[in-house]
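The primary structure of each chain is shown beneath.
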Amino acid sequence: MNNQLYQHPLFTVRSELLSPDEQVSLSYQRAKLVMQTYRLTAQDIQFCSPRFWQLICDPILSLDIAMFTILAAHIGLAIGTLSCHLKARPDLRPLVQRLLRFETVGLYLLTERGHGLDSFNIETTATKTPDGYILHTPREEAAKFMPASTPKFNIPKVALVMARLIVDGEDRGCRFFIVPICNEKEMYRGVQSTRLPTRSGTGPLDFSITTFNQVHLPPTALVASDIMNISKPARPLEAWWNEIWRIQLGTMAVPAPWITAIKSVAFIGGKYSIRRCILGKNDIPMPIISFRTQQWPIAHATAVGMVMANWYPTAVQDAMANSDHRLRHAMSVVIKTTVCRHFQRCVPEVAERCGAQGTFAQNYMAKIENDGKGVIIAEGDVLTLCIRLFSELLQGHFELPLPDPSESLLAHHAASILQENHDLFLSLKCEHRSDSFNFLILPQSEKVIEAIGHAMAYSAAAKAGLPKPILDVYESAIIRQDPAWYSEQGGLTRMEQRIREEAAVSSFMVHLDDFLEQLDVENYVSAPIVSDHAWKSYLEELTTYSGNAIPSVERLQAVL
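Okay, so let's go over this structure. A quick note: this is a predicted structure, and the numbers were derived from the prediction, not measured. (Residues numbered from 1 in each chain as written. Predicted model: local features only at pLDDT ≥ 70, side-chain atom pairs only at ≥ 80, totals over all residues. Heavy atoms only, no water.)

Moving on to the overall build of the protein. What the protein contains, in helices and strands, is 21 helices and eleven strands. Relative to the globule expectation of 24 Å for 560 residues, the C-alpha radius of gyration of the protein, 26 Å, shows essentially globular dimensions. Principal axes of the C-alpha set define a box for the protein whose edges measure 90 × 75 × 60 Å. For the protein, the residues scored as buried account for 54% of the 560 residues in total. Counted over contacts in the protein with a minimum sequence separation of 6, partners at least 24 positions apart contribute 75%. By element, 53% of the accessible surface of the protein is carried by carbon and sulfur atoms, the whole surface being about 26100 Å². Here the protein carries 52 positive and 58 negative side-chain charges, and the mean point of each set is 4 Å from the other. (Helix = DSSP H or I, 4+ residues; strand = E, 2+ residues; numbered from the N terminus. Rg over C-alpha atoms; globule rule 2.2 N^0.38 Å. Buried < 20%, exposed > 50% of the residue type's maximum accessible area, 1.4 Å probe, protein only. Contact = heavy atoms within 4.5 Å. Areas by Shrake-Rupley, 256 points an atom, 1.4 Å probe, with all protein chains shown as cover. Lys, Arg positive; Asp, Glu negative; His and termini not counted. Charge placed at Lys NZ, Arg CZ, Asp CG, Glu CD.)

Turning to helix α12 (residues 365-375), its buried residues are M365, A366, I368, D371, G372, G374 and V375. Where the residues of α12 are buried, they touch α5 (65-83), α9 (256-275) and α11 (325-353).

Turning our eyes to something else, we now look at the packing of aromatic side chains. On inspection of all chains with the given rule, the structure shows twelve aromatic pairs. Centroid distance Y133 to F177: 5.0 Å. Interplanar angle 65 degrees. Geometry classified as edge-to-face. Remark: F177 occurs in strand β6 (residues 170-182) and Y133 occurs in strand β3 (residues 132-136); sequence separation between them is 44 residues. With relative accessibility at 1%, the residue Y133 sits in the buried group. Linked through ring pairs, F120, W240 and W241 together constitute an aromatic cluster. One Lys or Arg, K128, reaches over the ring of Y133 and ends 5.3 Å from the middle of that ring. The aromatic ring of W296 is capped on one face by R480, whose charged end is 4.1 Å from the ring centroid. (Phe/Tyr/Trp six-rings, centres within 6.5 Å; stacked < 30°, edge-to-face > 60°. Lys NZ or Arg CZ within 6 Å of the ring centre and 35° of its normal.)

The next subject is the nonpolar core. If you look at the biggest cluster of nonpolar residues, it comprises 186 residues, and the most contacted ones within it are Y28, I181, W311 and Y474. Of all the elements, helix α10 (residues 292-321) adds the most residues to this core, at 14 residues. The residues contacting W311, other than those within four sequence positions of it, are M331, V334, I335, T338, G453, M456, A457 and A460. (Core = buried A, V, L, I, M, F, W, Y, C linked by side-chain atoms within 4.5 Å.)

Turning our eyes to something else, we now look at the state of the cysteines. According to the stated counting rule, one finds zero disulfides in the structure shown. Summary of cysteine pairing: C346 is not part of a disulfide, and the nearest cysteine sulfur, belonging to C340, is at 12 Å. Under the relative-accessibility criterion, C346 is labelled buried at 1%. (Disulfide = S-S within 2.5 Å.)

Another aspect to go through is empty space enclosed by the protein. Summed over all chains, the structure comprises three cavities of 30 Å³ or more. Approximately 120 Å³ is the volume attributed to the largest cavity. Every residue lining the largest cavity is counted, 16 residues in all, and those nearest its centre are F52, I56, A72, G76 and A253. Put simply, the parts of the chain that give the lining of the largest cavity at least two residues each are α4 (50-56), α5 and α8 (246-253). Class assignment for the residues of the lining of the largest cavity results in twelve nonpolar, two polar and two charged. (1 Å grid on protein atoms, 1.4 Å probe; cavity = no way out; pocket = protein on both sides within 12 Å on 5 of 7 lines; lining within 4 Å. Points joined across faces, edges and corners; volume = space filled by probe spheres on them. Nonpolar A, V, L, I, M, F, W, Y, C, P; charged D, E, K, R; others polar.)

What follows concerns the environment of T314. In this structure, T314 sits in helix α10. For T314, a relative accessible area of 34% puts it in the partly exposed group. Taking C-alpha positions, T314 is 8.1 Å from A460, a pair spaced 146 residues apart along the chain.

The strands that make up a sheet pair up through hydrogen bonds in the backbone, lying either parallel or antiparallel. Spatially, β4-β8-β7 is the arrangement adopted by the three strands of the open sheet, whose pairing is antiparallel. Across the chains shown, the open sheet's two edge strands, defined by having one partner strand only, are β4 (144-146) and β7 (191-195). With strand direction ignored, the average angle separating the axes of adjacent strands in the sheet is 15 degrees. (Pairing = 2+ DSSP bridges. Axes fitted to C-alpha atoms, helices over the stretch in contact; angles between N-to-C directions.)

Here the focus is helix α14 (residues 409-428). When the terminal C-alpha atoms of α14 are compared, their 28 Å separation across 20 residues agrees well with the 28 Å that a helix rising 1.5 Å per residue should span. For α14, the set of buried residues is L409, L410, A411, H413, A414, S416, I417, L418, N421 and F425. For α14, the secondary structure elements touched by its buried residues are α13 (382-394), α15 (435-441), α16 (445-464), α17 (468-481), α18 (483-488) and α19 (494-509). Of the residues trailing α14, K429 is marked for its positive phi of about 50 degrees. (Expected span 1.5 Å × (residues − 1).)

Time to look at the pattern of salt bridges. Across all of its chains, the model carries 26 salt bridges by this definition. In this structure, the salt-bridge partner of R30 is D64, at a minimum N-O distance of 2.9 Å. With R30 in helix α2 (residues 20-38) and D64 in the loop between α4 and α5, this residue pair connects regions lying 34 residues apart in the sequence. Of the two residues, R30 and D64, both sit in the buried class. Residues R139 and E123 are paired through a salt bridge, measuring 2.8 Å at the closest nitrogen-oxygen approach. Remark: E123 occurs in the loop between β1 (105-109) and β2 (125-129) and R139 occurs in the loop between β3 and β4; sequence separation between them is 16 residues. Beyond isolated ion pairs, a larger network of salt bridges with shared partners links R113, E123, R139, E140 and E141. (Salt bridge = Lys/Arg side-chain N within 4 Å of Asp/Glu carboxyl O.)

Next up on the list: a nonpolar patch on the surface. Residues L17, L539 and L542 make up a contiguous nonpolar surface patch of about 230 Å² in total accessible area. Residue position: L542 is located in the segment after α21 (532-539). Judged by relative accessible area, L542 falls into the partly exposed class, the value being 31%. (Patch = residues over 30% accessible without salt bridge, like charges linked within 9 Å, V, L, I, M, F, W, Y side chains within 5 Å.)

This part takes up the environment of D91. Positionally, D91 belongs in the loop between α5 and α6 (93-100). On the basis of relative accessible area, D91 is assigned to the partly exposed category, the value being 40%. Linking D91 and T220, residues 129 residues apart in sequence, is a C-alpha distance of 8.4 Å. At 2.9 Å, the side chain of D91 forms a polar contact with the side chain of R89. (Polar contact = N/O pair within 3.5 Å; in protein donor to acceptor, adjacent residues only side chain to side chain.)

Okay, here's the thing in structure tokens:
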């Protein structure tokens, strides 16, 4: 964690008071500042060094998701993909150095408008010629969607573009090509960027649709250690996965800011609920945190934030240490699914309990909730990732290291519903692409993968010695998601579940102030509703209208 960035003027400015384009420009400036602060090397990025993960986990990234979006593609995908070829391709070093200094922004153009997640079947072509390649978008559906490729913000951009390599009329599979997109002022010849509207309620970025019209590329544009090797792969799908190998690391990296976001939302909601009062009996002010309906969202988000913050770095470390790329990718899916779905439950719950204040951008919650919808899709759609992983687990391709079922109720739950679906699969006597599998088993994919994440996170929290009230509230939150199983298999009736939750929240509330402090996000929270002083200071920044107009009084004539 870098404790100085939050004090920099680029991060103290109130972006919600800027125009959309001013906000985009600010996000690019912030991204450059982060790059200059961390000074990552190509090796840091290639091998995902502790310094790399320190940047990914810096709480500052949760303040500007447009900035994080720029950096995730720039560092994790563009530089990350190029870095593994530097030893064999010294000609790439000048480009990588410009990217590391953020003199050029790196883009990753994989997905096409007409194919979405089916990126293996893209249509953009790179046709071999005697002096290089011709990159071309054959139809509108083959346009690249949606990396920010406009030249509007005075910074050069270069992209890694996935295209089908065509040699002598033969399709030789998907390969990446280095393609200059724009300089500081305009697009390069043959490259067209159509700017998309801002995604509703989010931090704006110049998301675009990008097409290529017979763009000539040199032979060195091919992203490969050996640019002379343009043979057709024996296993095209496996070769494609090898090309996009950084995606699985991206899947693991993109949830990081959302953990800080959950903690920030818990802090904002907690502080607001403590100071916000209504008049109670005998007109005595009564803080709204006195109500259990207000306590639960704060306790829930706080417990989730602390449990996720504890689990994430250890889960990443364990995944990166695994030499089996299948297990590494599996853990990426479990991590992303668990963090993102927790985020989607906690944030709107707290925001709603903050009333009208929870809907305004300056109070963080509404905006971060909308920004969060993008991460569900980024580096792999959560549901699609779960479907693939769940299918592999049921078919016995590999096993995930689950906590022992006797360790906790959550571990018992995860093992039980995984086994339940495995038994169902065997009883159906079908293969994984059948209608029976599709109708009965696939809908359970995300639920099971998320349960595995819950069990792992709880196990890590217990071993790390997190406070019992935090563990108990987290457990209660998970029980809420599948009360039928905990009644049928866990031995807890509905009333026992309710009593268990009541005890957990009551024990949590005794330590509320301490737990909010332990979230360690106060320096990164600028929501004015956290205190009366912050709110009054914020009001002074807003535009106030007054005047001297005097309303005219219309004389009314009596009607007899």
